[in-house]
Amino acid sequence: MILGVPAPLLFIQLLLGLINGAFYALLSLGLAIIFGMMRIVNFAHGALFTAGAFAAWMLGAYLGIGYWGALLLAPLIVGVLGLVLEAAIIRRLYRLDPIYGLLLTYGLALVIEGLFRNQYGSSGLEYDIPAALQGGVRLGFMFMPVYRGWVVAVALVVCLATWALIEKTRLGATLRAATENAALVQAFGVNVPRLVALTYGGGVALAAFAGVLAAPIYSVNPNMGQNFIITVFAVVVIGGMGSILGSIVTGFSLGVLEGLTKVFYPQGSATVIFLVMVLVLLARPRGLFGKAA
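Residues numbered from 1 in each chain as written. Predicted model: local features only at pLDDT ≥ 70, side-chain atom pairs only at ≥ 80, totals over all residues. Heavy atoms only, no water.

Caption draft 1: Representation of the overall build of the chain in the model. Each helix and strand in the chain was counted, giving 11 helices and 2 strands. Written out in order from the N terminus, the α and β elements of the chain read α-α-α-α-β-β-α-α-α-α-α-α-α. The C-alpha radius of gyration computed for the chain amounts to 19 Å, which stays within 12% of the reference 19 Å derived for 293 residues, consistent with globular compactness. Its C-alpha atoms give the chain principal-axis dimensions of about 60 × 50 × 35 Å. (Helix = DSSP H or I, 4+ residues; strand = E, 2+ residues; numbered from the N terminus. Rg over C-alpha atoms; globule rule 2.2 N^0.38 Å.)

Caption draft 2: Here's a closer look at the environment of Leu 257. With respect to the secondary-structure elements, Leu 257 resides in helix α10 (residues 244-264). Take Leu 257: its relative accessible area is 31%, and that puts it in the partly exposed class. In the structure, Leu 257 is positioned 243 residues away from Leu 14 in sequence and 8.5 Å away in space, judged by C-alpha atoms. Here Leu 257 is in contact with Val 272 and Val 276, once residues within four sequence places are set aside. (Buried < 20%, exposed > 50% of the residue type's maximum accessible area, 1.4 Å probe, protein only. Contact = heavy atoms within 4.5 Å.)

Caption draft 3: Expanded view of the packing of helix α2 (residues 45-63) against helix α8 (residues 192-214). Here α2 crosses α8 at 55 degrees, and the two axes come no closer than 7 Å. On the basis of the axis angle, α2 is oblique to α8. By crossing handedness, the relation of α2 to α8 is classed as right-handed. Where α2 approaches α8, its residues His 45, Leu 48, Phe 49, Gly 52, Ala 53 and Ala 56 are matched on the opposing element by Tyr 200, Gly 203, Val 204, Ala 207, Ala 208, Ala 210, Gly 211, Val 212 and Ala 214. A class-by-class count of the residues in the contact of α2 with α8 yields 11 nonpolar, 4 polar and no charged. (Axes fitted to C-alpha atoms, helices over the stretch in contact; angles between N-to-C directions. Parallel < 35°, antiparallel > 145°, perpendicular 65-115°, else oblique. Left-handed = near helix turned anticlockwise from the far one by under 90°. Nonpolar A, V, L, I, M, F, W, Y, C, P; charged D, E, K, R; others polar.)

Caption draft 4: Region of interest: the nonpolar core. One finds Leu 26, Leu 213 and Val 220 to be the most contacted residues of the largest nonpolar core, which totals 90 residues. The leading source of residues in this core is helix α1 (residues 7-38), at 16 residues. Contacts of Leu 213, omitting those with residues within four sequence positions, involve Phe 23, Leu 26, Tyr 67, Leu 71, Tyr 147, Trp 150, Val 151 and Val 154. (Core = buried A, V, L, I, M, F, W, Y, C linked by side-chain atoms within 4.5 Å.)

Caption draft 5: Here's a closer look at the pattern of salt bridges. Applying the stated criterion to the full structure yields 2 salt bridges. Two residues, Arg 91 and Glu 86, come together in a salt bridge whose shortest N-O distance is 2.9 Å. You can call Glu 86 buried: its relative accessible area is 0%. Note that Glu 167 is salt-bridged to Arg 176, the shortest N-O span being 4.0 Å. (Salt bridge = Lys/Arg side-chain N within 4 Å of Asp/Glu carboxyl O.)

Caption draft 6: How the structure looks around the packing of α1 against helix α9 (residues 226-239). Closest axis-to-axis distance for the α1/α9 pair is 9 Å, and the angle between their directions is 70 degrees. In this view, α1 runs roughly perpendicular relative to α9, as classed from their interaxial angle. Considering how the two elements wind past one another, α1 and α9 form a crossing that is right-handed. Contacts between α1 and α9 involve Asn 20, Phe 23, Tyr 24, Leu 27, Ser 28 and Leu 31 on the former and, on the latter, Phe 228, Ile 229, Thr 231, Val 232, Phe 233, Val 235 and Val 236. Counted by class, the contact of α1 with α9 contains 10 nonpolar, 3 polar and no charged residues.

Caption draft 7: Representation of helix α11 (residues 272-283). For α11, built from 12 residues, the straight-helix expectation of 16 Å at 1.5 Å per residue is met to within 8% by its first-to-last C-alpha distance of 17 Å. Listing the buried residues of α11 in full gives Val 272, Ile 273, Met 277 and Val 280. Down the axis of α11, the sector holding all buried residues measures 145 degrees, keeping them to one side. Exposed side of α11, more than 90 degrees from the buried face: Leu 275, Leu 279 and Leu 282 are the residues found there. (Expected span 1.5 Å × (residues − 1). Arc of directions from axis to C-beta.)

Caption draft 8: Representation of the packing of aromatic side chains within the structure. As enumerated under the stated definition, the model contains 16 aromatic pairs in all. On the numbers, 6.0 Å between centres and 55 degrees between planes, the contact of Phe 23 with Tyr 218 is tilted. On the criterion of sequence distance, the pair formed by Phe 23 in helix α1 and Tyr 218 in the loop between α8 and α9 is long-range, its members being 195 residues apart. With a relative accessible area of 0%, Phe 23 lands in the buried category. Between Phe 54 and Phe 116, the aromatic rings sit 4.2 Å apart at their centres with planes inclined by 5 degrees, giving stacked as the arrangement. With Phe 54 in helix α2 and Phe 116 in helix α4 (residues 98-120), this pair connects stretches of sequence that are 62 residues apart. Exposure class is identical for Phe 54 and Phe 116. Each is buried. Three or more aromatic residues joined by ring pairs form one cluster here, namely Phe 23, Tyr 24, Phe 49, Tyr 218 and Phe 228. (Phe/Tyr/Trp six-rings, centres within 6.5 Å; stacked < 30°, edge-to-face > 60°.)

Caption draft 9: Just a nonpolar patch on the surface, in detail. Judged by side-chain polarity, Leu 72, Leu 73, Leu 76 and Ile 77 come together as a nonpolar surface patch covering roughly 390 Å² of accessible area. Here Leu 76 is to be found in helix α3 (residues 67-88). (Patch = residues over 30% accessible without salt bridge, like charges linked within 9 Å, V, L, I, M, F, W, Y side chains within 5 Å. Areas by Shrake-Rupley, 256 points an atom, 1.4 Å probe, with all protein chains shown as cover.)

Written out as structure tokens, the structure reads:
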């Protein structure tokens, strides 16, 4: 017993919290990148997470491409879709009030989810765990399914690699400079519109990658994104709008907090993240890792 709770139950909830935290971190990371560069509140992010899961399922059902191929191809496919959406629609909103971007992307989310619902229904489609990641490992204090551990590990690696790319490379420095002064960066010969488009494509590709990881855990259904997106926006606000490190740390931390709350106070697990958001906004309106305006 730990604090009056059976140890296996506590560790299982910690693992579930880490899994949710992995998805929170990946999704909020994509949102933070898009907002930081484009100042667009991308409400279609959850629908593009769903699109990643459906892309993985369709690659398997129609082309016979398994999980490992889908893990690479599905984010690329959704990333290209993001480039098309940015060029055709979202680019027109950059000089407008952010509320227009929120309303437009919310509409896009409804359209994308509606298309999947029309074609495949709402009951959900099964997506199998690959053979190499089936089964589990007995750790002594708990039994850990291999696939769950894989999700946490690969999400952490992708998040840290993205952070390093943006914070530690010349490309990331150019991206951050374009965020601060796009006209000056353009004057140095950088194609800022192309950079912005690739930023949006990369952000939604991260969402699609999370969708592929989620497909074997949750049934592939049009409502997948709805189950995450509101919580993910709360994570982004708590971490600091546009903060890459804030999205990663806050995503994993709040996932664990949510898991622990399910053990010690189950009826509060659905609201604990939003309670934390309120407290953070009262004490530090720019978020835990956000910079002062």
